[in-house]
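Secondary and tertiary structure notes
Single-letter residue listing:
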Amino acid sequence: MFDKRISIFIFFLASLQCVAQSYFQQKTDYTISVSLNDSSHELDATERIDYTNNSPDTLHEIWFHLWPNGYADKHSAMSEQFLSQGNGNFYFADNDDLGSIDGLKFRVNDTSARYEFDARNKDICVLHLNRPLCPGRKITVTTPFHVDIPDVRFSRMGHHGQAYYITQWYPKPAVYDNNGWNTFPYLDQGEFYSEFGTFDVTLTLPQNYVVAATGDLISPLSELDWLDSIARRPLPATPSKKVTDEVIPESSVLTKTLRYHQENIHDFAWFADKTYQVRKSEVVLPSGRKVTTRVFFNNKNAKLWDKAVNYVNRSVSYYSEKVGEYPYNVCSAVENPSYGGGMEYPTITLIGDAGSALSLEEVIVHEVGHNWFYGILASNERNEPWMDEGMNSFYTQRYMMDTHPELKLYDSQGLYKWIAKLFALDKAPQQAMSDLPWLFSFLRNNDQAANLTSTAYSSLNYGSVVYMKSSMSFLWLMNSLGTAEFDKAMKQYFETWKLRHPDAKDFRKSFVSTTGKKSEWFFDDLLTSCKKPDYKICNIKKTMDPQSFTGDAWQVTIKNSGDIEGPFSVSSMIKDSIISTQWFDGFKGKRALFVHFIDFDKVRIDAGYTMLESNRKNNSIRRSGILKRMKPPAFRLFASVPHEDKTEIFFAPVIGWNKYDHFMAGIALYSSPLFPRKFDYLLMPLYSTGSKEISGSANIGYSILPRQSRIQRIRIGMYASRYHYNDYPFLMHYVKLSPEIGIDIVPKSASNRLKQHIRLRDVSLYKQSYEYVKIGEGLGDPSGLPYNIYTLERTDENYSIYELSYFIGKQTPVNPFNATATIQAGEGMAKFFVEGNYRAVYSKNKGLDIRLFYGTFLMRPTNSVYDFRFHLSGQSGYQDYMYDNIYLGRNDANIPCSNQFSETDGGFKYATAVGMTWDWLFAVNLKTSLPGKLPFKLYADFGTYRNAAHAFTGSKALSYDAGVQLSIINNIFDIYFPMLLSEDLKSAGKLFETHYPEKIRFTLNLKKLNPLELIKNPDF
């Protein structure tokens, strides 16, 4: 029996839970006084924070962000993130270029208080309160602090000479909400979450600095007059494009103190430069209230920025109209040519170097727009970056489409039209810039959901998914609902949650409540998964609409080949012009739809390019004709974006040379390298001037892409090649056929650069060859001695090798590594070998390269005519029995062809017959950089093998060589000069009486220069 007292107790607990989960918001009011020392690039400041506890909880501590400490050392979270992205600039920076914050002496209500750093991150600390802070109570926290300003080239904060960009610079309490304390270290990829309050900031600095800052400049009013006078000043007479190293004036010995004030914001940033130009304007909001706008810029790009204040005006007007009215009195944009892109702060934004007026307009619109989706709707960007970057990118895209409706993709990217036409970019609409980067990742099975935390993304996907996929998703949602309905919902969301901290659940609840539509396809599929969007037109025929029975209609059969049941549009078109469009609700499977189209020549799904589609080539069908869905072929040079109405065949001219084929010229025909489909191919026929025959290679394959799996791709393929490999006594060719299966494995975390690959292949070689065969004996020469008689017979060779290999590697700026384990079997033999490479980095682009190799035969052939042995000195052309590498002359005995080798097996740089073994071999190869910028390294190799001590008279168990490496193209074209040899290598060398030029060897790894492979397999 259920006890009534238990019932009352559970009801009481549930009530407490409801209270605990109700929304609350803390308040932080700042008073900061700071002075700039522009000789030492330092800030000295004091800070007062009035902290109001509006939560239902009693607080015993307050967590603080000390973000300048993110620049303090190479082990910070920011530095580690840079390294995970392949960027080692900060890690190898000079100490003078780093930054930090110190000098903290916290007092709470004028009593000293203890603080301690977070155990993992020095840019987080916890302040222990002397007394508990009860709900509804307020305390005052004060502290002095000192900031060493870093170089600005690393991230958002810093200085470039005596130009200052002061952001994330003061001790800031973390947000306390229903999830507790939201603490996180400073990162370059990943933005912020801060508490609202009032900022009153006083800046002291040399008098001749032009300052741009958050909020209203309160005093002195003479500073506003000075800014206005600069704004009226004409541009310098020297054309801005010729201004390179601007003369920076000496800092004034006199100082000035500026006071800024702003309520209802959650951050404060300021920028100072003695050479800023200024332009001023104002914009009238729908309510009639006026906002003062300014831009601050350097002389180098003055002509580009001269009218940029108009972009700020348009941005404030556009967002106020579409989202909600701007609540502040000022809005500014500041140029920072030293840091790419842009970064937003309340009422002010930083803009990187822009190459064109159109690009500058787009960046300013985007960064000013963050005032709404970062400044006013202050979501937790570290946890839900799409709520700021995704929404704001959509409104940026919408602005560009509304104000520049005829804009094409190549316009927004600053390309000349003839270049765009060459690469088939001239027809792509501007919104393709948001669609194509996502498609680039999606078709490689490397995309991610849009609702992840900022740290969960690879650097590529942070842009292509958080910004661009999210933007296209909102464009799809708006067009399916209708602009008026969408705007109504967004304005209601803004009015409900402005100056608060909404999360994804709040946005969804508000949106569904306003529209009356659940839109699961958007919230549960498009944003929160990697499901495939793909509608396909199967057929079209003229019929009668069973719903109306009036007039003719067209029946269009649509199949949802994807996983998202989103609404979609169907348009009638004449050539490339849209005649009419109808929207339909999404569905699974296949369905016949009825459309009332009159005059048209084709029908297309998403003709307006407002949806995400993984395959637009199945979106259209012609009204009449045979094979109405077939796309005619189009030949494209190098690469291009996909064209909906064409079947692209890509081509590129190819030239080559080797000792036997001589000069070769031909063409490569291949499938799209930028946007690969499941079936891929590369055909490369080459005409050989040496043999007067066709040589070349081919590679075809089919890929399986398991979605939501650690397996990124399974490719089943066939490789074939035919070249000539010898010219004695006649020109001879080989044919290689190699069916294979490759499996790419990705790590759990997309930000992890670890790569794994498994490959199983069968390499079958057919080699045309000749040999002299004895057919009898002669009667004797003049001396009376008998002699043998030979004839030349063709004796072709055939053999097959099965190979299973596993590769694991991580390419990072600090201590990269890789390892490969391989088993080969065939022709009565089986061998196993493993190779490992590690680079111990001690400065940028300098380090010690360590290679280890061990190989052993699991089964030796009893009577093999093929040389499958391990070789201490790597493989020359004639020893490359798998024909995997490219050699200038595989069997040529003349310099320089004979001096080419591959760093396989023992990897010794000295050519020797020592260490050719049918048993086991172990080697260590070392290379070290030299100081300075000269392209030289020192190398040393050490190796041993079975019975090494007995191979040559006087030999030891350990062989070695050492010398100097000249890197013409590092790891591509390297030349090795031997200087030191072990006794066994010397003894073997004397047998051949070699001259020094014959001892010089080189590597030429042309396969690493294949541009198609570099495009197909980008380093994520």
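Every chain begins its residue count from 1, and numbering advances along the sequence as written. Residue-level local features of this predicted model are given only where pLDDT is at least 70; pairs of side-chain atoms are given and counted only at 80 or more, and the full residue set underlies all totals for whole chains, interfaces and linings. For the side-chain quantities, the full set of heavy atoms in the structure was used; hydrogens and water were omitted.

1. Quick notes on the overall build of the protein
Of the regular secondary structure elements, the protein holds 17 helices and 54 strands. Relative accessibility under 20% of the residue-type maximum defines a buried residue, over 50% an exposed one, and the middle range a partly exposed one, all with a 1.4 Å probe and only protein chains included. Across the 1020 residues that make up the protein, the buried fraction comes to 52%. Contact criterion: two residues are considered in contact whenever any of their non-hydrogen atoms come within 4.5 Å of each other. Put simply, 66% of the contacts in the protein that link residues at least 6 apart link residues at least 24 apart. Carbon and sulfur atoms form 56% of the exposed surface of the protein, whose accessible area is close to 45300 Å². In this tally, Lys and Arg are treated as positive and Asp and Glu as negative; His is ignored, and so are the chain termini. All charge positions are set by atom: Lys at NZ, Arg at CZ, Asp at CG, Glu at CD. Taking the 111 positively charged and 111 negatively charged side chains of the protein as two groups, their mean positions are separated by 4 Å. A helix here means a DSSP run of H or I that spans at least four residues, while a strand means a run of E at least two residues long, and both kinds are numbered starting from the N terminus. We get accessible surface area from the Shrake-Rupley algorithm with a probe of 1.4 Å; when it comes to residues, only the shown protein chains can shield them.

2. Looking at helix α7 (residues 389-403)
For α7, with 15 residues, the first-to-last C-alpha span of 21 Å sits near the 21 Å given by 1.5 Å per residue. Most of α7 sits out of view: 12 of its 15 residues are buried. Of all the residues in α7, the buried ones are E389, G390, M391, N392, S393, F394, Y395, T396, Q397, R398, Y399 and M400. Under the convention used throughout, the expected extent of a helix is 1.5 Å for every residue step, that is, one less than its residue count.

3. Considerations on the pattern of salt bridges
Each salt bridge in this description consists of a side-chain nitrogen of Lys or Arg and a carboxyl oxygen of Asp or Glu lying within 4 Å of one another. Here the structure, examined in full by the defined rule, presents 52 salt bridges. Between D435 and R616 there is a salt bridge; the shortest N-O distance is 3.7 Å. Remark: R616 occurs in the loop between β30 (602-605) and β31 (620-622) and D435 occurs in helix α10 (residues 432-442); sequence separation between them is 181 residues. You'll find D435 and R616 in the same group, each marked buried. A salt bridge links E797 to K767, with the shortest nitrogen-to-oxygen separation between them at 3.9 Å. Linking E797 in strand β42 (residues 797-810) with K767 in strand β39 (residues 754-767), this pair joins segments that are 30 residues apart in sequence. Here E797 falls in the partly exposed class, since its relative accessible area comes to 23%. One connected set of salt bridges, linked through shared partners, spans D435, D576, K602, R604, D606, R616, E644 and D645.

4. Concerning the sheet that holds strand β20 (residues 277-284)
Strand order in this open sheet of 5 strands is β20-β21-β22-β24-β23, and the pairing throughout is mixed. The outermost strands of the open sheet, each flanked by one partner alone, are β20 and β23 (342-345). With direction set aside, neighbouring strand axes in the sheet form an average angle of 15°. Strands qualify as paired when DSSP identifies two bridges or more between them. Note: β20 against strand β21 (residues 290-297), 8 bridges, orientation antiparallel. Considered in β21, the bridge of R279 is made with V295. Lying on the sheet, helix α5 (residues 309-322) is in contact with β20, β21 and β22 (330-335); it crosses β20 at an angle near 30°. Angles shown run from 0 to 180 degrees and are taken between the N-to-C directions of axes, each axis being a line fitted to C-alpha atoms and, for helices, limited to the stretch in contact. Docked against the sheet, helix α6 (residues 357-376) engages β22, β23 and β24 (348-351), running at close to 145° with respect to β24.

5. As for the pairing of strand β35 (residues 679-688)
Note that strand β34 (residues 662-670) and β35 share 5 bridges and pair antiparallel. Each bridged residue has a counterpart across the sheet, and for Y670 the counterpart in β35 is L682. Two elements, β35 and strand β36 (residues 694-704), share 9 bridges in a ladder whose sense is antiparallel. Residue pairing for β36: M684 is matched across the bridge by S697. Once β35 ends, the chain turns through 5 residues before running back antiparallel as β36, passing K692 with a positive phi of about 60°.

6. A word on the environment of L443
Relative to the helices and strands, L443 resides in the loop between α10 and α11 (459-481). Separated by 217 residues in sequence, L443 and W226 have C-alpha atoms that sit 55 Å apart.

7. Comments concerning the packing of α11 against helix α12 (residues 483-497)
When two helices pack together, their arrangement is given by the angle between their axes and by how far apart the axes lie. In the contact formed by α11 and α12, the axes pass within 6 Å of each other and the chain directions differ by 120°. Between α11 and α12, the angle falls in the class oblique. Along its contact with α11, which presents F474, L477, M478 and L481, the element α12 presents T483, E485 and F486. All residues other than Ala, Val, Leu, Ile, Met, Phe, Trp, Tyr, Cys, Pro, Asp, Glu, Lys and Arg, Gly among them, are scored as polar; the first ten of these are nonpolar and the last four charged. For the contact of α11 with α12, the class distribution of residues is 5 nonpolar, 1 polar and 1 charged. Roughly parallel refers to an angle under 35 degrees, roughly antiparallel to one over 145, roughly perpendicular to one between 65 and 115, and oblique to any angle outside these ranges.

8. Examining empty space enclosed by the protein
Think of a 1 Å grid over just the protein atoms. A cavity is a set of points where a 1.4 Å probe fits yet cannot get out, a pocket is an open set with protein on both sides within 12 Å along at least five of seven lines, and lining residues have an atom within 4 Å of a point. Grid points are joined across faces, edges and corners, and a volume is the space filled by probe spheres set on the points. Taken as a whole, this structure holds 1 cavity of 30 Å³ or more when the rule is applied. By volume, the largest cavity is sized at about 40 Å³. Taken together, F192, Y193, S194, H266, Y374, L377, A378, S379 and E381 form the lining of the largest cavity. A breakdown of the residues in the lining of the largest cavity according to their chemical character gives 5 nonpolar, 3 polar and 1 charged.

9. Observations regarding the pairing of β21
Burial runs high along β21: 6 of the 8 residues are buried. Hairpin connection between β20 and β21: a loop of 5 residues separates the two successive antiparallel strands, and G288 in this loop has a positive phi of roughly 100°. Note: β21 against β22, 5 bridges, orientation parallel. Bridge pairing in β22 places F296 opposite V334.

10. Let's talk about the side chain of K846
One can find K846 in strand β45 (residues 846-859). One buried charged side chain, K846, makes no salt bridge at all; its nearest oppositely charged neighbour is D849, positioned 11 Å away. Filtering out sequence-adjacent residues up to four positions away, K846 remains in contact with R839, V841, S929, L930, P931 and G932.

11. Quick notes on the sheet that holds strand β7 (residues 115-117)
The antiparallel open sheet is built from 4 strands, whose spatial order is β7-β8-β3-β12. Looking at strand neighbours, the two that pair on one side only are β7 and β12 (172-173), the edges of this open sheet. Of the pairings in the sheet, the one linking strand β3 (residues 59-65) to β12 comprises 2 bridges and is antiparallel in character. From the neighbouring strand, H65 faces β12, where its bridge partner is K172.

12. Here we look at the nonpolar core
Take the buried residues of types Ala, Val, Leu, Ile, Met, Phe, Trp, Tyr and Cys, join any two whose side-chain atoms come within 4.5 Å, and each joined set is a nonpolar core. W169, W270, F486 and F507 are the most contacted members of the largest nonpolar core, which totals 179 residues. The element that contributes the greatest number of residues to this core is α11, accounting for 10 residues. Apart from residues lying up to four places away in sequence, W270 is in contact with V34, L36, L43, Y164, Y165, I166, W169, L203, L205, A212 and A213. Counting 38 residues, the second-largest nonpolar core is a separate cluster that includes F857, F868, Y945 and L981.

13. Some points on the packing of aromatic side chains
In this analysis, rings of Phe, Tyr and Trp, with Trp reduced to its six-membered ring, are considered paired at centre separations within 6.5 Å, and the interplanar angle assigns stacked below 30 degrees, edge-to-face beyond 60, and tilted for intermediate values. Scanning the entire structure with this criterion turns up 77 aromatic pairs. Summarising the aromatic geometry, the rings of Y115 and F117 are spaced 5.9 Å apart at their centres and angled 85° between planes, so their arrangement reads as edge-to-face. Residue class for Y115 comes out partly exposed when judged on its relative accessible area of 26%. Seen from their ring centres, F857 and F870 are 5.1 Å apart, and the 65° between their planes marks the pair as edge-to-face. With F857 in strand β45 and F870 in strand β46 (residues 870-871), the pair connects residues that are 13 residues apart, well separated along the chain. Take F857 and F870: they sit in the same class, and that class is buried.

14. Notes on the packing of α12 against helix α13 (residues 504-515)
Relative to each other, α12 and α13 sit at 135°, their axes nearing to 9 Å. Here α12 is positioned oblique relative to α13, judged by the angle of their axes. Between α12 and α13 lies a crossing whose hand is right-handed. Across the interface between the two elements, E485, F486, K488, A489, M490, Q492, Y493 and W497 of α12 pack against D506, F507, S510, F511, T514 and T515 of α13. In this scheme, a crossing is called left-handed if the near helix is turned counterclockwise away from the far one by less than a right angle; it is called right-handed if the turn is clockwise.

15. Let's talk about α5
Taking 1.5 Å of rise per residue, the 14 residues of α5 would be expected to cover 20 Å, and the 20 Å separating its terminal C-alpha atoms lies within 8% of that figure. Of all 14 residues making up α5, 10 are buried, and the element is well covered by its neighbours. At its buried positions, α5 is contacted by β20, β21, β22, α6, α7 and α12.

16. Remarks on the layout of surface pockets
Of the pockets and cavities examined, the second largest pocket occupies roughly 1000 Å³. If you trace the second largest pocket, you find 38 residues lining it, with V363, H366, E367, Y467 and M468 closest to the centre. The dominant element in the lining of the second largest pocket, judged by the number of residues it contributes, is α6, at 6 residues. Considering only residue class, the lining of the second largest pocket consists of 11 nonpolar, 19 polar and 8 charged.

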